[in-house]
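Spelled out, the chains give:
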Amino acid sequence: MEISLIKHSLKNDPRVQLDVYNTYAKRVYASCYRVLKDAHEAEDFMQEAFIQAFEKIDRFRGEAELGTWICRIAINKCLDQLKKRKVNLVFDEKWSEHSDAQAEAEESAYDLERIKLALADLPSGCRLIFELRMLEEMDYPAIAAELNMKEASVRVQYARARSRIIELVNETYV
């Protein structure tokens with residue numbers, strides 16, 4: 001569908017808005033929940049993201065899928081909320097200093113539950129970087145800008161988080 005037609009329909013037709021909402025609500029909610037770790041807050045921020053997306057549909061350039069654009073709005077809202085709350089994202093200081101080339105090696109397919117357990121063991125800041133990179137497919141510069149960090153630090157934290165997850169998952173096989 002042509003971008004101008006999408007924009008016009010989403011601005012003026014509640015039925016189209018409802019279809020878009022029904023199509024992407026679970027995905028946007030999951031993105032919010034991964035950042036906020038609270039079901040009620042995730043629901044609220046998901047709703048706010050859709051409202052903002054429909055109000056500002058003229059800004060949609062079609063460079064990404066519509067659902068990706070709405071998820072990005074939602075994630076930004078959630079990250080702003082964390083900043084307002086002054087949530088202390090914990091990073092492992094020893095991870096900031098060194099690069100880990102092995103972490104960039106090919107990943108194996110692991111049981112999802114083991115990965116979830118491993119994610120829970122990461123420091124909160126590392127977990128957030130890993131989730132933004134892997135699950136939300138944000139690039140390093142965007143994550144660095146959102147978290148007010150140096151891109152190199154984001155890359156190192158991500159690599160270390162990935163290595164630690166692989167290590168923790170492998171321990172469960174022993």
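Attention here is on the structure that accompanies the text. As the structure is a prediction and not an experimental result, all values here were calculated from the model.

1. Focus: unusual backbone geometry
Most peptide bonds take the trans form, and the phi angle of most residues other than glycine is negative.
Item 1. With a phi close to 60°, Lys-37 is a non-glycine residue in the positive phi region.
Item 2. With respect to the helices and strands, the residue Lys-37 is situated in the loop between helix H2 (14-36) and helix H3 (39-55).
Item 3. Positive phi values are uncommon outside glycine, yet Asn-148 reaches one of about 55°.
Item 4. Along the polypeptide, Asn-148 turns up in the loop between helix H8 (140-147) and helix H9 (151-171).
Item 5. With relative accessibility at 74%, the residue Asn-148 sits in the exposed group.

2. Quick look at the environment of Gly-67
Item 1. By the element assignment, Gly-67 lies in helix H4 (residues 66-85).
Item 2. The exposure class assigned to Gly-67 is buried, which follows from its relative accessible area of 0%.
Item 3. Placed 39 residues apart in sequence, Gly-67 and Val-28 show a C-alpha to C-alpha distance of 7.8 Å.
Item 4. With residues near it in sequence (within four places) discarded, Gly-67 still touches Tyr-24 and Arg-27.

3. Quick notes on the layout of surface pockets
Item 1. Taken as a whole, the second largest pocket spans an internal volume of roughly 310 Å³.
Item 2. As for the second largest pocket, its lining consists of 13 residues, of which Arg-59, Phe-60, Arg-61, Trp-69 and Arg-72 are closest to the centre.
Item 3. At five residues, H4 tops the list of elements feeding residues into the lining of the second largest pocket.
Item 4. A per-class count over the lining of the second largest pocket returns four nonpolar, four polar and five charged.

4. Some remarks on the environment of Ala-25
Item 1. When you line up the elements, Ala-25 lands in helix H2.
Item 2. For Ala-25, a relative accessible area of 12% corresponds to the buried category.
Item 3. Apart from the residues within four sequence positions on either side, Ala-25 is in contact with Met-46 and Phe-50.

5. Description of the nonpolar core
Note on soluble globular proteins: their nonpolar side chains tend to be buried together.
Item 1. One finds Val-28, Phe-50, Leu-66 and Ile-70 to be the most contacted residues of the largest nonpolar core, which totals 48 residues.
Item 2. The element contributing the most residues to this core is H4, with ten residues.
Item 3. Residues in contact with Phe-50, not counting those within four places in the same chain, are Val-20, Tyr-21, Tyr-24, Ala-25, Val-28 and Ile-70.

6. Here we look at the pattern of salt bridges
Item 1. Counted according to the given criterion, the structure contains eight salt bridges.
Item 2. Across the salt bridge formed by Glu-48 and Lys-77, the nearest N and O atoms sit 3.9 Å from each other. A residue pair is termed long-range when its members are at least 10 positions apart, and Glu-48 in helix H3 and Lys-77 in helix H4 qualify at 29 residues.

7. Brief notes about the side chain of Glu-41
Item 1. Its location among the elements puts Glu-41 in helix H3.
Item 2. Not counting chain neighbours up to four residues away, the residues in contact with Glu-41 comprise Leu-36, Gln-81 and Arg-85.

8. Focus on H8
Two residues of an α-helix separated by three or four positions point the same way, owing to the 3.6 residues in each turn.
Item 1. Counting buried positions over the eight residues of H8 gives six, a clear majority of the element.
Item 2. Those residues of H8 that sit buried are Tyr-140, Ala-142, Ile-143, Ala-144, Glu-146 and Leu-147.
Item 3. Buried positions along H8 lie against H4, helix H7 (124-134) and H9.
Item 4. Structurally, the start of H8 carries an N-cap: the backbone nitrogen of Ala-142 is 2.9 Å from a side-chain oxygen of Asp-139.
Item 5. Positive backbone phi, approximately 55°, marks Asn-148, located one or two places after H8.

About the cut-offs
Residues numbered from 1 in each chain as written. Predicted model: local features only at pLDDT ≥ 70, side-chain atom pairs only at ≥ 80, totals over all residues. Heavy atoms only, no water. Helix = DSSP H or I, 4+ residues; strand = E, 2+ residues; numbered from the N terminus. Buried < 20%, exposed > 50% of the residue type's maximum accessible area, 1.4 Å probe, protein only. Contact = heavy atoms within 4.5 Å. 1 Å grid on protein atoms, 1.4 Å probe; cavity = no way out; pocket = protein on both sides within 12 Å on 5 of 7 lines; lining within 4 Å. Points joined across faces, edges and corners; volume = space filled by probe spheres on them. Nonpolar A, V, L, I, M, F, W, Y, C, P; charged D, E, K, R; others polar. Core = buried A, V, L, I, M, F, W, Y, C linked by side-chain atoms within 4.5 Å. Salt bridge = Lys/Arg side-chain N within 4 Å of Asp/Glu carboxyl O. Polar contact = N/O pair within 3.5 Å; in protein donor to acceptor, adjacent residues only side chain to side chain.

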